[in-house]
Amino acid sequence: MKNTSSIAQELESFLKNGENDSASSRAELAEFCVETIYKFVKFNRSEGEGLDGRDGPERQGLGEVLDAAKNHKFNTGMAQMNKKI
């Protein structure tokens, strides 16, 4: 894969920024990254399966990862809310 080191550097720079240095910010970033890839596959590399013709093994796998990222973001938010109570 080309340019992954530059992407990693950008992500690390983003994460080191004090405004982004929290569990909820990291969870939000994880969800954003996975969702961006998921949507790219759905709309630009669809495999012609499913009712909408955009479902296939890659999208299904990424959907599971996206669900996990969303659950992680939710759980992180709930944990922070419970700390405040």
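Residues numbered from 1 in each chain as written. Predicted model: local features only at pLDDT ≥ 70, side-chain atom pairs only at ≥ 80, totals over all residues. Heavy atoms only, no water.

### Observations concerning a nonpolar patch on the surface
Thought 1: Residues Ile7, Leu11, Phe14 and Leu15 make up a contiguous nonpolar surface patch of about 300 Å² in total accessible area.
Thought 2: Positionally, Phe14 belongs in helix 1 (residues 4-16).
Thought 3: Of the residues examined, Phe14 reaches a relative accessible area of 37% and is grouped as partly exposed. (Patch = residues over 30% accessible without salt bridge, like charges linked within 9 Å, V, L, I, M, F, W, Y side chains within 5 Å. Areas by Shrake-Rupley, 256 points an atom, 1.4 Å probe, with all protein chains shown as cover. Salt bridge = Lys/Arg side-chain N within 4 Å of Asp/Glu carboxyl O. Helix = DSSP H or I, 4+ residues; strand = E, 2+ residues; numbered from the N terminus. Buried < 20%, exposed > 50% of the residue type's maximum accessible area, 1.4 Å probe, protein only.)

### Considerations on the packing of helix 1 against helix 2 (residues 23-44)
Thought 1: Contact geometry for helix 1 and helix 2: axes closest at 11 Å, N-to-C directions at 150 degrees. Between helix 1 and helix 2, the angle falls in the class roughly antiparallel. Of the two possible hands of crossing, helix 1 and helix 2 adopt the one that is right-handed. In this structure, helix 1 contributes Leu11, Phe14 and Leu15 to the contact, and helix 2 contributes Arg26, Leu29 and Cys33.
Thought 2: For the contact of helix 1 with helix 2, the per-class residue count stands at 5 nonpolar, no polar and 1 charged. (Axes fitted to C-alpha atoms, helices over the stretch in contact; angles between N-to-C directions. Parallel < 35°, antiparallel > 145°, perpendicular 65-115°, else oblique. Left-handed = near helix turned anticlockwise from the far one by under 90°. Contact = heavy atoms within 4.5 Å. Nonpolar A, V, L, I, M, F, W, Y, C, P; charged D, E, K, R; others polar.)

### Observations regarding the confidence of the model for the chain
Thought 1: Here the chain averages 91 in pLDDT, while 99% of its residues score no lower than 70.
Thought 2: Ranking the elements of the chain by mean pLDDT puts helix 3 (residues 57-84) last with 93 and helix 2 first with 95. (pLDDT = per-residue confidence, 0-100.)

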